[in-house]
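Residue-level listing of the chains:
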Amino acid sequence: MANSVQEECCTGISNGLRRQARSLWEAAFEFRNNKEIDFSYSKCDPHPFPHPESDRLEHCYKYGKGSGKFYPVLLEQKLGDYVVKAKLGHGNFASVWQCVLDEGKERDLPYESVAVKVCTNSKKDSQDDVTEAKVLMKLGKRSDGNGDFGKKHLQKVDECFRVPGYSGDHFCIVGEAIGPSLDYYLNLVEKQGLGHFDTEVSKKVTFQLLSSATWLHKAGYGHGDIHPHNILMKEMGFKAGTNAKRPICIQNTKPEDVPYMPPYLVSCIDDDLTVRTPLTVENCDARLADFGQTFKKNHPRRLYKMTTPKGNRSPEWVLKHTPITIGIDIWSIACIAYRMTTGKHLMFVEERYKDEEGKYTQKRTKADINNDHMPMMAELLGTPPAWMIRKWDISGLPKMDWKSITPEGALHERIMQDRPANMTNAQAALFEDFMRQALTWDYRYRATAAELIQHDWFKSILSEKDKLHLEKLAKSTSRCSKAFTKITNEVKSWPGRLMSLCIKKKEYESQPDTEVKALGSRLIQGTSSEETNKHFIAKAFQID
Ligand SMILES: Nc1ncnc2c1ncn2[C@@H]1O[C@H](COP(=O)(O)OP(=O)(O)OP(=O)(O)O)[C@@H](O)[C@H]1O
C-alpha cells in the first residue's frame, strides 16, 4: 500500500516536472522565433474576395483537398448523433451549426439548443481544438466553492467526437447554441444610425465579460482571443438565421478542389440585420465563447496563431520578448467597452492595404501594422514606462519624439469627443478612470478583472446579487493581497526581462524627465493611489 502511494507520488512529481520542462522548452522556442502566424483573413476586416451574394459567407478556398480545410456540411445531414438544421457562423478554424438530436438518440443536455463546431482537419489546429474542448469541459465541472459568480457567462460544452473527412478527421465540439455575436449587435446599431449601445447596456455587457474573466482567471486560465465575434449574446428560444443556400462560386475555386466542395454554402444569422432589435438592459446576457486560444495563467503563452483584431491587442503583445499574461484579456475587454459605449474604435489599425479606388488588397505586414499601432497607443495613453521604451527601441518600432507626447496622453480628449450626447461629465470621468485602469501600459500594474468589476462606473447596473458578491470580493481583494499579487507579478517578469536584455544590448535614449515626475504618468503606470487617480480625473473634468 505504502509502495503504491509512493509510486503515485513519484509519477505525479515526474509528470509535473515533465510538463514544466515541456512548457519551458516551448517558451524558449517561441521566444527565439517570436513566431506568430496571422490567420485573421475574413472576419474583422472586409473579405478579400467577397462572394457575389454576401461577404459574410466563408470563402470557397476553405473547402477542398488537403490540410486546414472545412468539412463540407449540408443542411439535414447527420453529424455524429445530431442532425444539422441551420448554420450559426464560421471562423478561421471551424464552421458552427445548429443541430437537433437524431431520432432514437438520448442525451441529458442542460440547454435547449445544440451547436456543433466542426473544426478544420489540420493536425496542428486539431491539438488546439482538443485543448479547447478539454478546457471547456473541465471548466464546466469546476466550482470555486463560492457561488461561481461569473461562470454563467462562459460558453458550455458537453461532448466531442470526430467525423472522417477527405484528408483526415474533423474534430467536432458539441455545446450550447447561444445566440448572435456581439458583432451582430454592433453592426445593427451602426446600420440603424445610433452608432453605439445605450450606455447602461454597454456597462452591463462589460460587467458580464469582466465577471466571466474573473471566474476564468481564478480558475487558472486566460482566454487569449476576446473580440466581438467571440462574445455571443444569449437569446431564449434562439433560432439560427435565414439558412439561404448560396451556390458555390466556381470562378473563385481551383478545379482540383471542386469534387471536395459542398454544392452550396449556407448563409447564417450574422447576414440578416432586419430580424432583431438592439439589446436592452433587461435582455443582454453575454457569453464568452471560442476557447481555441486559451492558455494556462502560469504557463507562457504559445504564440502561433492569432485572430484577435490588431487594434485590440495590448502593448506587451506587440512588443517582442515580453511575457503574455491574462492582462491581454483585460485590454481587449476595455477596447470593446469603448466601442460599445461610443460606437468608435479606440484604436483602429488597417489590416490590409487599399488600392487607388479604396478597395482592400493584400494583407499588411505585421511590422507595418505594429508601426501604426504603437504610436497610436502612445498618443492615447501617454508615455510608457522606461523598460517599455527600451523594448520599443530594440523592437525596431518607429522612433518617437517622447517629449512631444503628453505624459497622460489624449484619452481624456478622445472620450470628451466620442462620448454619447447623454453622458454627463461625472459619468465620463468614471468611464475614463475605468479605461485608464484597464489600459495601463505595464501589464504588471494593469487592474485585474476582479478589481475592475468593483469599479464605480458599474454602480448603476448592479443587481442585489451582484452587490452581495462584490462585497465578498472586496473583502478578499484586500490591500495585502493586492500588494502580494504585485510582488509576485514583478518577480515572474524578471526572467523574460533579463532574457530580452541578453538578446540585444543596445544603447537607448535617455528616459524623458517627465516620466516619473508627472502626475498623469503615475496614473498611467498604475503606481499612484486610487485617491490620486480620482483627483486627477476630477480635475480634468472639473468635478468637485
Ligand atoms: N455556441 C454557439 N452559438 C451560436 N453561435 C455560435 C456558437 N459558436 C460559434 N458560433 C458562431 O460561429 C462563429 C465562429 O465560431 P468560432 O469563433 O468558435 O470559430 P473559430 O474558427 O474558432 O473562430 P476564430 O477564427 O475566431 O478562431 C462565431 O463568431 C459565432 O457567430
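What you see is a predicted model, and the numbers here were worked out from it, not measured in a lab. (Residues numbered from 1 in each chain as written. Predicted model: local features only at pLDDT ≥ 70, side-chain atom pairs only at ≥ 80, totals over all residues. Heavy atoms only, no water.)

**Quick word on helix α3 (residues 182-191)**
Note on helix geometry: an α-helix contains 3.6 residues per turn, so any two residues three or four positions apart are oriented the same way. A large share of α3 lies buried, amounting to seven of its ten residues. Taken together, the buried positions of α3 are occupied by Leu 182, Asp 183, Tyr 184, Tyr 185, Leu 186, Leu 188 and Val 189. Just downstream of α3, Gly 193 is the residue with a positive phi angle, here 85 degrees. (Buried < 20%, exposed > 50% of the residue type's maximum accessible area, 1.4 Å probe, protein only. Helix = DSSP H or I, 4+ residues; strand = E, 2+ residues; numbered from the N terminus.)

**Quick notes on the pattern of salt bridges**
Evaluated as defined, the whole model comprises 21 salt bridges. The network of salt bridges with common partners includes Asp 81, Lys 105, Arg 107 and Glu 159. (Salt bridge = Lys/Arg side-chain N within 4 Å of Asp/Glu carboxyl O.)

**A word on the environment of Lys 344**
Tracing the sequence through the fold places Lys 344 in the loop between α6 (327-342) and β15 (352-354). A relative accessible area of 41% places Lys 344 in the partly exposed class. It is 7.8 Å that separates the C-alpha atoms of Lys 344 and His 196, two residues lying 148 residues apart in sequence. Every residue in contact with Lys 344, bar those within four places of it in the chain, is listed here: Tyr 338, Arg 339 and Asp 418. (Contact = heavy atoms within 4.5 Å.)

**Regarding the side chain of Thr 440**
Residue placement: Thr 440 occurs in the loop between α10 (425-438) and α11 (449-452). Engagement of the side chain of Thr 440 in a polar contact is seen with the backbone oxygen of Arg 436, the distance being 3.1 Å. (Polar contact = N/O pair within 3.5 Å; in protein donor to acceptor, adjacent residues only side chain to side chain.)

**With respect to the site of the ligand**
If you check the shell around the ligand, you find 23 residues, and the closest are Asn 92, Phe 93, Lys 117, Glu 176 and His 229. One of the side-chain N or O atoms of Asp 290 is found 3.0 Å from an oxygen atom in the ligand. Bound to the protein, the ligand loses 96% of the 620 Å² it would expose on its own. Elements supplying a minimum of two residues to the shell around the ligand: β3 (82-90), β4 (94-101) and β5 (114-119). Per-element tally for the shell around the ligand: the top contributor is β3, with three residues. Its residues assigned to classes, the shell around the ligand comprises eight nonpolar, ten polar and five charged. (Near = heavy atom within 4 Å. Areas by Shrake-Rupley, 256 points an atom, 1.4 Å probe, with all protein chains shown as cover. Nonpolar A, V, L, I, M, F, W, Y, C, P; charged D, E, K, R; others polar.)

**Quick notes on the sheet that holds β4**
Taking strand neighbours across the sheet as the criterion, the six strands line up as β2-β3-β4-β5-β7-β6 in an open arrangement whose pairing is antiparallel. Strand pairing shows two members of the sheet lacking a second neighbour, β2 (78-79) and β6 (157-165), which therefore form its edges. As paired strands, β4 and β5 are joined by six bridges and run antiparallel to one another. Counterpart to Gln 98 in the pairing with β5 is Ala 115. (Pairing = 2+ DSSP bridges.)

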